[in-house]
Amino acid sequence: MRSKAKIISDIHFLGVVAVIRAEQPEQVVPLCEALVKGGVSILEITMTVPDAVNVMKNVIKSLGQHAIVGMGSVLDGAMARAALDAGAEFVVSPITKVEVAAAARGAQRVCMLGAYTPTEAQLAHTSGADFVKIFPADNLGPVYLRALRAPMPHLKMVPTGGVTLQNAAEFIKAGAAALGIGSSLITKEILRDANWAELSRLAGEYARIVREAKEGR
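Description of the structure in this document. None of these values were measured; they are calculated from a predicted model. Counting restarts for each chain, with residues numbered from 1 along the sequence as it is written. Confidence filtering applies because this is a predicted model: local features only for residues at pLDDT of at least 70, side-chain atom pairs given and counted only at 80 or more, and all residues used for totals across whole chains, interfaces and linings. Working from all heavy atoms in the structure, the side-chain values ignore hydrogens and water.

### A short note on the overall build of the protein
The helix and strand inventory of the protein stands at ten helices and seven strands. For 217 residues, the compact-globule estimate of 2.2 N^0.38 gives 17 Å, and the C-alpha radius of gyration of the protein, at 16 Å, lies within 12% of that figure. Counting every position in the protein, which comprises 217 residues, the buried fraction comes to 53%. For the protein, the share of sequence-separated contacts (at least 6 apart) that also reach a separation of at least 24 residues comes to 58%. We count Lys and Arg on the positive side and Asp and Glu on the negative side, and we leave His and both chain ends out. Think of each charge as sitting on NZ of Lys, CZ of Arg, CG of Asp or CD of Glu. Here the protein contributes 23 positive and 20 negative side-chain charges, whose respective centroids are spaced 6 Å apart. By the criteria applied, helices consist of DSSP H or I runs no shorter than four residues and strands consist of E runs no shorter than two, each listed in order from the N terminus. Using C-alpha atoms as the atom set, the radius of gyration is obtained and then compared with a globule rule of 2.2 Å times the number of residues to the power 0.38. Residue burial is assigned from relative accessible area. The probe radius is 1.4 Å, only protein chains are included, and a residue is buried under 20% of its type maximum, exposed over 50%, and partly exposed in between. By definition, residues are in contact when any of their heavy atoms lie within 4.5 Å.

Written out as structure tokens, the structure is:
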């Protein structure tokens, strides 16, 4: 398994975290294979996927050499420990849940805690989160991210929710360390049709836009 420093570095460098939700757990492995083929190799399997922990194990078994696999929608310490014990390289919470960060720190793994306000963002950081997930970011936008970074440039922020092909570059230019991308990448239509070729194409577009934005920042 990769070191914590390597995981943090790769999330920074690659800049796209795929947030994976699917009602059919058997879709998750081929879905993840398509993402990796397209150039997105930071994979967040959410706890909302049926049998999520075992699904994540299957993804790690299939793609662990080629992707960093973690668990999202982690709401408390027990969920975090279950994910970490199953091999998650990072855990993500949509809320500022200190015990999630403590579990990740104890396992020497990476943690993203959710925040919406400046106070929550700083609390997430001081609680030991390696990244602060700004969520939901759709009504806040890049301007809000830039405003947060002005007095708190130490925050490594990952806006999630509302990130699209149209605004991804602006979020990066506003100072995002990475982007959490869910339904605008893994669309309902792609899941309905199991259109993995289209998912690979879309993943490639996001990877390219983020890479170019980071290079130009």
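### Let's talk about the pairing of strand β3 (residues 68–72)
Of all five residues that make up β3, five are buried, and the element is covered over most of its length. With burial as the criterion, each face of β3 is covered, one bearing I68, G70 and G72 and the other bearing V69 and M71. Two strands qualify as a pair provided that DSSP identifies no fewer than 2 bridges between them. Sheet topology note: the strand β2 (residues 42–46)/β3 ladder contains five bridges and is parallel. Bridge assignment links L43 to a residue of β3, and that residue is V69. Viewed along the sheet, the connection from β2 through helix α3 (residues 52–63) into β3 turns out right-handed. Orient the strands so they point away from the viewer, and a crossover whose first-strand-to-second-strand path over the helix runs clockwise is right-handed.

### Section: the side chain of N167
Tracing the sequence through the fold places N167 in the loop between α7 (141–149) and α8 (168–173). In protein, a polar contact requires one atom able to donate a hydrogen and another able to accept it; more generally it is a pair of N or O atoms within 3.5 Å, and residues adjacent in sequence count only if both atoms are side-chain atoms. At 3.0 Å, the side chain of N167 and the backbone oxygen of G162 are in polar contact. A distance of 2.7 Å separates a polar side-chain atom of N167 from the backbone nitrogen of T164.

### Topic: the layout of surface pockets
Approximately 510 Å³ is the volume found for the largest pocket. Detection works on a 1 Å grid of protein atoms alone, calling trapped sets that fit a 1.4 Å probe cavities and calling open sets with protein on both sides within 12 Å along at least five of seven lines pockets, with lining residues defined by an atom within 4 Å of a point. If you trace the largest pocket, you find 24 residues lining it, with V19, R21, G182, S183 and I186 closest to the centre. For the lining of the largest pocket, the secondary-structure elements that each account for two or more residues are β7 (179–181) and α9 (188–193). Gly is placed with the polar residues, together with every amino acid not listed as nonpolar (Ala, Val, Leu, Ile, Met, Phe, Trp, Tyr, Cys and Pro) or charged (Asp, Glu, Lys and Arg). Looking at the lining of the largest pocket residue by residue, the classes come out as eight nonpolar, twelve polar and four charged. In this structure, the second largest pocket occupies an estimated 180 Å³ of space. Grid points are joined across faces, edges and corners, and a volume is the space filled by probe spheres set on the points.

### Focus: helix α4 (residues 77–85)
Turning to α4, its buried residues are G77, A80, A83 and L84. One side of α4 holds all its buried residues, which, seen down the axis, span an arc of 125°. Those residues of α4 that are buried lie in contact with α3, β3, β4 (90–92) and α5 (98–106). Backbone nitrogen of A78 and a side-chain oxygen of the N-cap are separated by 3.2 Å at the start of α4; the cap is D76. Downstream of α4 by a residue or two, G87 has a phi angle that is positive, lying close to 110°. This arc is taken over the directions from the axis of the helix to the C-beta atoms.

### A look at the packing of aromatic side chains
Think of it this way: a Phe, Tyr or Trp ring, Trp meaning its six-membered ring, pairs with another when their centres are within 6.5 Å, and the plane angle makes it stacked under 30 degrees, edge-to-face over 60, tilted otherwise. Enumeration over the complete set of coordinates arrives at zero aromatic pairs. Positioned above the aromatic ring of F135 is the side chain of K133, whose terminal nitrogen or guanidinium carbon lies 4.8 Å from the ring centre. Remark: a charge is flagged as sitting over a ring if the NZ atom of Lys or the CZ atom of Arg is within 6 Å of the ring centre and within 35 degrees of the ring normal.

### Looking at the nonpolar core
By size, the foremost hydrophobic cluster in this structure holds 67 residues, and its most contacted members are I20, L35, L43, I45 and L185. Counting residues per element, this core draws most heavily on helix α10 (residues 196–216), which supplies seven residues. Dropping the residues within four chain positions of it, L185 is found in contact with A18, L35, I190, L199, L202, A203 and Y206. Buried residues of nine kinds, namely Ala, Val, Leu, Ile, Met, Phe, Trp, Tyr and Cys, make up a nonpolar core once their side-chain atoms join them within 4.5 Å. Membership of the second largest hydrophobic core comes to 14 residues, among which are I42, V92, M112 and A177.

### Looking at the pattern of salt bridges
For this analysis, a salt bridge means a side-chain nitrogen from Lys or Arg found within 4 Å of a carboxyl oxygen belonging to Asp or Glu. Under the criterion given, the structure shown has eight salt bridges. The salt bridge involving K173 is made with E170; its shortest N-O contact spans 3.9 Å. Here the residue K173 and the residue E170 both occupy positions in helix α8, the gap between them amounting to three residues, near one helical turn. Residues joined in a network through salt bridges with shared partners are E205, R208 and E212.

### Let's talk about the environment of M47
Relative to the elements of secondary structure, M47 occurs in the loop between β2 and α3. Each C-alpha atom of the pair M47 and S73 lies 5.3 Å from the other, and the pair is 26 residues apart in sequence. Other than its neighbours up to four places away in sequence, M47 contacts A52, V53, M71, G72, S73, V74, M79 and A83.

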